[in-house]
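# Tertiary structure, described
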Amino acid sequence: MNGEDPNNAMPVIFGKSSCADFAKEAYTAVVYHNRSPDFHDEVKIKLPASLSDHHHILFTFYHVSCQQKQNTPLETPVGYTWIPMLQNGRLRTGHFCLPVSLEKPPQSYSVLSPDVPLPGMKWVDNHRGVFNVEVVSVSTIHTQDQYLDKFFALVHALDEHMFPVRIGDMRIMENNLETELKSSIAALNSSQLEPVVRFLHLLLDKLVLLVVRPPVIAGQIVNLGQASFEVMASIVNRLHKYLDTSQDMHGRNSLLSSYIHYVFRLPNADPNSPSPGPGGLGGSVHYATMARSAVRPASLNLNRSRSLSNSNPDISGTPTSPDDEVRSIIGSKLFHEELALQWVVSSGSVREGALQQAWFFFELMVKSIIHHLYFADRLESPRKNRFPERFMDDITALVSTIAGDIVSRFQKDLELVERLNTSLAFFLNDLLSVMDRGFVFTLIRAYWKQVSTKLYTLQNPTLESLRLDFLRIVCSHEHYVTLNLPCSLLTPPASPSPSVSSATSQSSGFSTHVQDQKIANMFELSVPFREQHYLAGLVLSELSVILDPDNEGMFGLHKKVVSVVHNLLSSHDSDPRYADPEVKARVAMLYLPLIGIVMETLPQLHDFTESHNQWGRPGGHQGAAVGSGGEEAEGEGNSMISQTVAMAIAGTCTASPISRPSSFLLNSQASRQHGSFSAESSRSLLICLLWVLKNADELVLQKWFTDLSVSQLNRLLDLLYLCVSCFEYKGKKAFERMNSLTFKKSKDMKAKLEEAILGSIGARQEMVRRSRGQLERSPSGSAFGSQENLRWRKDMTHWRQNSEKMDKTRAELEHEALIDGNLATEANLIILDTLEIIVQTVSVTESKESILGGVLKVLLHSMACNQSALYLQHCFATQRALVSKFPELLFEEETEQCADLCLRLLRSCSSSISTIRAHASASLYLLMRQNFEIGNNFARVKMQVTMSLSSLVGTSQNFNEEFLRRSLKTILTYAEEDLELRETTFPDQVQDLVFNLHMILSDTVKMKEHQEDPEMLIDLMYRIAKGYQTSPDLRLTWLQNMAGKHSERNNHAEAAQCLVHSAALVAEYLSMLEDRKYLPVGCVTFQNISSNVLEESAVSDDVVSPDEEGICSGKYFTEVGLVGLLEQAASSFSMAGMYEAVNEVYKVLIPIHEANRDAKKLATIHGKLQEAFGKIVHQDGKRMFGTYFRVGFYGSKFGDLDEQEFVYKEPAITKLAEISHRLEGFYGERFGEDQVEVIKDSNPVDKCKLDPNKAFIQITYVEPYFDTYEMKDRITYFDKNYNLRRFVYCTPFTLDGRAHGDLHEQFKRKTILTTSHAFPYIKTRINIIHKEEIISTPIEVAIEDMQKKTQELAFATHQDPADAKMLQMVLQGSVGTTVNQGPLEVAQVFLSEIPSDPKLYRHHNKLRLCFKDFTKRCEDALRKNKSLIGPDQKEYQRELERNYHRLKESLQPLINRKIPQLYKPVLQVNSHRDSFSRMSLRKLDI
């Protein structure tokens, strides 16, 4: 109610559902028969915005009669009580225990509380509190906090100039207002957080007001600056502490930052001008509702208190003074000055509080400064005159002490210091916009010095990192470039900014000879450079300090410092203000020293060339991995460097096809942490370098290059070489791969997370795994638990979105690939421009040779990478210019480069893009021409081109022959049209070359066709290699290609042979070149390894002499090369299990190492020999080398192969069915399955009987064949399987054409094949060059069978350890009576009667003796068996013996019958006796 009359009831009670929105009264429920009832009702009231003292809530209690009697009302009021809403201007809330009056309250009761005993009223229970009620309010107008209320009331009173002030029960007079005000400000700390947050902006406004306009109390000015500052600091800290969830990325509380951004205004000094904020923030508008009387306009005396002068006691203090304006201006202070002052003088917890939230005060200060300048119209005035000295001193002191805090406390309170550091940096960044820049630079320098001094004594990456953050923020200023004075040249500064010289100049150790000092200064972090370009100087010094290889501890900051520079350059590049090339050149000048810094770090950069050249750097990978991890394993991890790595860096590694130039090692330190940067940092750094090279002024660069020493220029070239590899275009596939990798990574993380949640140990995980029904194969054994076993739903978690995001769309991938391609082209064009500048620079100096070699190397390397057509056109133009300017460079000094160039040009000649082909053909033609002009023939280029073509065809998969042929045609046309050289032999030579190349192409195209047919492929390679008999380098290339192919197919023996042949070839030419006793004399030395090697001897007519230009110039034609080949051969032999051959190879190697006194190598070799012989002993009886088959091809479909017969060498234990299946399948696929037939027998093939439209293959198993005399030398298994040229297979037949018949008609044909070379050879199939057949008669077949049986018995008997089963098997087959065609039958067929033909006497006799031997062996075997068997086999033994005796009895008469003719007395021998009797006589002599 707002009055006491019932009509004054206000409709502010929210209605219940289905009633009106607002009602004037609300009823509780009825409680039945209860003397002390509880009402659980909640009544919601909408409070009027402006309350007076008359507003109150009235409660009326009714008695409700349940049985209604006549004339009595249903409800009777029995009591009344009330709650006044305002008490002393504060809203009343909380728990009340009210007395209840029995009669209606008297007049004007509403101003008083029911607790006051009103006269003449009856109360329930003698005025005791009997009714409990709780009032809760939700309000943005009433603070409901006593401390805030008091503070606001006092400030309001000051504002309105109303004294005395009533607060609660207190009356505060003007004379004690000051102390009350101060205590109320201090008490704000005790207030609750919720109202503080609700009224925060108002509260801060009032505090700012008290600081800026100190109130006049009782005629005295009261300075409340300190009190306000203290309470501000503590409030800000409380908010940060308890509202830590609502912070932005810089850790700023959103309430506070929005206050600064939107609410804070300087209370306007001029009372008449329109104020910038609502009501000048005088407090009236916000606080109007608190005014006691609802009638009086709150804004009336708004400025009264302010107009009282508080600076000059002589000016009268009456508010009526006419000169209001002047005084009000005099009376106010500047908030930023006061703030700075209070902060500087503060100490203890206040200072700590301010430091904790320094950002708030810094930002307030900056906003205040800017408002002040804006409202005082001073934005145009010169910066030096904008601020008083005092304020500048305060700021200097403030920055200095805060820098001191950062330096002294960074190890203890890192979090605080990080915040403080960033806040300070942002503050200085802002000051650069409004204060004198020279002054701000001195502030930066003060900070810098403090940090540097500390860093000097304590190398700490954390502090360095803080300084880096600071620098990054300061440099992000929008006018950063202008601040660096890019347009001034390096003269002593005439700028308004004071000279800021750095403590020491970090000269990068360039200048080697006296230079034009000015240019040198532009490229070094010299004192003039740093004074002139202050901020850029700081950034680059920081870069050079952190990247310094001696600075062990700073590894973790590489990425950070590089990204600072990278981001700066990116922002310059995309800034429209610097779009003009001249302006960009000026900007780039600020970064010229970067080139030097990056050159210094070259040895530590990530090595991007690894994908191109295979030299291993075991240390490098580790370094790279550690580098990218961000934190670096301190010290030792990288300081050790393995021998091979050092070799590789020095460029002396033998296996390196493209070794980095040796200038790579400029200082001995360089090799220490080789590759210690991560790939990412290195890439960013190189991008920065290229940006500077691209935008810098060419003339300036040229001058500087002129002054660089050779080694430094070479280093720059190495850097460019690295850039080429770094920015090579990887293609879309690479991006897709990376994409799937990152996706996989997120999957792994997911697995790990699940594992952590499931608990990765013990029974629980086992259970989870089993519920999956499978064990995970991942190495960590991580279990992806089943859905039910997870304690959370996958899709509810945070990282779900991450892993989804990882998988980029097609379009994104396309876009990335496009950007990557553009970057690659841009980077390479910049490199090309730089190379051009270098060439222009050095072409006049005397040291040009070494530099130009480097330039060429970079050019060739860029051709080798994936490049765009645009780049290649320019690249070829540059290359042509370089070759025509300095032809001798290519043909005399850099011969390896010449080979490389030919290869690159040929590859481009086969490009599918016509412009590239045109350029490449022109380049290649001019190359020949230049070579011809120098010496009337172009043997060098001819040979290099031929070699390049063969290696190109041999190695490249996606090589297009058609395009290459077109390019060759273009070259031919050039030669024919060239008028100057028409009279010379040049056109003919070109024609020869092109013809030769076409031939090679055809052969290699055939190779492509036969890619799937390994034997045919090797045959073709063999043929090509043979065609190169006259050019050793090329033959070597092809032999190596063959070795590679064999290794791929695991034919290690053949690969080893290829390497032995290569070594023999090298030895031949080496022995012509230099006569060294310890080197092999040529092929002859290698005869023991393989009899085939002699074909490498250089004895034909057209052998080139090795000292002719361009011949044998490859790296293998050296002693080191020879040793390398032999080492490889030995290891291949070892892999093939041919350890005896390993020994032979080392026999050639050992003298070389002995001559070089290389004990280490000898030790290794003897170690390997020991291993080899150990294995021979160990594997005795278990070695398998190969299985041989005769394969014949018949049918015109086979083309070249028709009617050819080969011996194939297949892996050990290959069954006939396997090779048959393989060949049938392969040719079936080629000609159609119904077109190919395998001939099942081994009989000679009659081609006339075969179907001419089909292809026939005949496959027969063959065994090595040795004559009796050979067996003396071929003792071991190895001897019997090495150097094989003759093979044998047997075919049984009978005279009437069947294969098998009875004993007396069974003949056998032995076919002996001789191959053109001995196995193992450099290929796996060898042509058969000779066939010889031996036919055995039935009796001879019988003799062979019996001999074989006897041998088997002897072997089984004498076997050690004895094998009873084997013995019994052989015995059973020999003496068992049931054996069909067994020994007994053989004897009965052939020995029962003496043959009629005297020619067969010898055979008859031989067979008889065989049987004698056989029975003897049977007896031995039985005896042996008896000693082996157990009691259970006694009966079996008796049975065997019975059978044996039966056999012996049956054989007895047959064995003892001699042929009388053979045993005649010896006659006088006449000279023409036939060989038979001669043999027999000799037999008789025995």
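Check the entry above for the structure.
These lines cover the structure that appears in this document, whether it is placed above or below. (Residues numbered from 1 in each chain as written. Predicted model: local features only at pLDDT ≥ 70, side-chain atom pairs only at ≥ 80, totals over all residues. Heavy atoms only, no water.)

### Things to note about the pairing of strand S18 (residues 1307–1319)
With 11 of its 13 residues buried, S18 lies for the most part within the structure. With 9 bridges joining them, strand S17 (residues 1284–1293) and S18 adopt antiparallel strand pairing. Looking across to S18, one finds that Phe1287 is bridged to Leu1313. Sheet topology note: the S18/strand S19 (residues 1325–1336) ladder contains 8 bridges and is antiparallel. Across the sheet, the residue bridging to Thr1315 is Ile1328, located in S19. Counting the residues that bridge the hairpin from S18 to S19 gives 5 residues. (Buried < 20%, exposed > 50% of the residue type's maximum accessible area, 1.4 Å probe, protein only. Helix = DSSP H or I, 4+ residues; strand = E, 2+ residues; numbered from the N terminus. Pairing = 2+ DSSP bridges.)

### Examining a negative patch on the surface
Together, Glu1012, Glu1224, Glu1229, Glu1233 and Asp1234 give the surface a local cluster of negative charge. With respect to the helices, strands and loops of the structure, Glu1229 is situated in helix H48 (residues 1216–1231). (Patch = residues over 30% accessible without salt bridge, like charges linked within 9 Å, V, L, I, M, F, W, Y side chains within 5 Å. Areas by Shrake-Rupley, 256 points an atom, 1.4 Å probe, with all protein chains shown as cover. Salt bridge = Lys/Arg side-chain N within 4 Å of Asp/Glu carboxyl O. Lys, Arg positive; Asp, Glu negative; His and termini not counted. Charge placed at Lys NZ, Arg CZ, Asp CG, Glu CD.)

### As for the packing of helix H28 (residues 698–707) against helix H33 (residues 810–842)
The contact between H28 and H33 brings their axes to 9 Å, and the two run at 50°. Considering the angle they form, H28 stands oblique to H33. The two elements H28 and H33 meet at a crossing, and its hand is right-handed. Mapping the contact onto sequence places Glu698, Leu701, Gln702, Phe705 and Thr706 in H28 and Thr834, Ile837, Ile838, Gln840 and Thr841 in H33. (Axes fitted to C-alpha atoms, helices over the stretch in contact; angles between N-to-C directions. Parallel < 35°, antiparallel > 145°, perpendicular 65-115°, else oblique. Left-handed = near helix turned anticlockwise from the far one by under 90°. Contact = heavy atoms within 4.5 Å.)

### Quick look at the packing of aromatic side chains
Tallied over the full model, the rule gives 38 aromatic pairs. Centre to centre, the rings of Phe229 and Phe361 are 5.3 Å apart; their planes meet at 50°, and the pair counts as tilted. Taken together, the residues Phe229 in helix H5 (residues 225–242) and Phe361 in helix H12 (residues 358–375) connect sequence positions 132 residues apart. Overall, the relative accessible area of 3% leaves Phe229 in the buried class. (Phe/Tyr/Trp six-rings, centres within 6.5 Å; stacked < 30°, edge-to-face > 60°.)

### Things to note about helix H20 (residues 534–547)
In this model H20 runs 20 Å from its N-terminal to its C-terminal C-alpha over 14 residues, within 8% of the 20 Å that 1.5 Å per residue would give. Counting buried positions along H20 yields 13 of 14 residues, so the element is predominantly enclosed. (Expected span 1.5 Å × (residues − 1).)

### Observations concerning the packing of helix H53 (residues 1401–1428) against helix H54 (residues 1434–1456)
Contact geometry of H53 with H54 gives a least axis separation of 11 Å together with a crossing angle of 165°. Relative to H54, H53 is oriented roughly antiparallel. You can see that H53 and H54 cross each other, and the crossing is left-handed. Taking contact as the criterion, the partners of Arg1408, Phe1411, Lys1412, Phe1414, Thr1415, Cys1418, Glu1419, Leu1422, Asn1425 and Lys1426 in H53 are, on H54, Gln1437, Leu1440, Glu1441, Tyr1444, Leu1447, Lys1448, Leu1451, Leu1454 and Ile1455. Residue composition of the contact of H53 with H54, by class: 10 nonpolar, 3 polar and 6 charged. (Nonpolar A, V, L, I, M, F, W, Y, C, P; charged D, E, K, R; others polar.)

### Some words on the pattern of salt bridges
Using the criterion set out here, one finds 50 salt bridges in the structure. Here Arg966 and Glu962 are joined by a salt bridge, their closest N and O atoms 3.7 Å apart. One end of the pair is Arg966 and the other is Glu962, both in helix H40 (residues 961–977) and 4 residues apart, which spans about a single turn. A relative accessible area of 41% places Arg966 in the partly exposed class. For Glu962, a relative accessible area of 42% gives the class partly exposed. Ionic contacts of the salt-bridge type, sharing partners, join the residues Arg929, Glu933, Asp978 and Glu980 into one network.

### Describing unusual backbone geometry
What is expected of a backbone is that most residues other than glycine have negative phi and most peptide bonds are trans. Note that the residue after Phe1319, namely Pro1320, is joined by a cis bond; omega there is -15°. Turning to its location among the elements, Pro1320 is positioned in the loop between S18 and S19. Backbone geometry at Ser18 places phi at a positive 65°, although glycine is not the residue there. Residue placement: Ser18 occurs in the loop between strand S1 (13–14) and strand S2 (22–23). With relative accessibility at 80%, the residue Ser18 sits in the exposed group.

So yeah, pure geometry; function would need other evidence.
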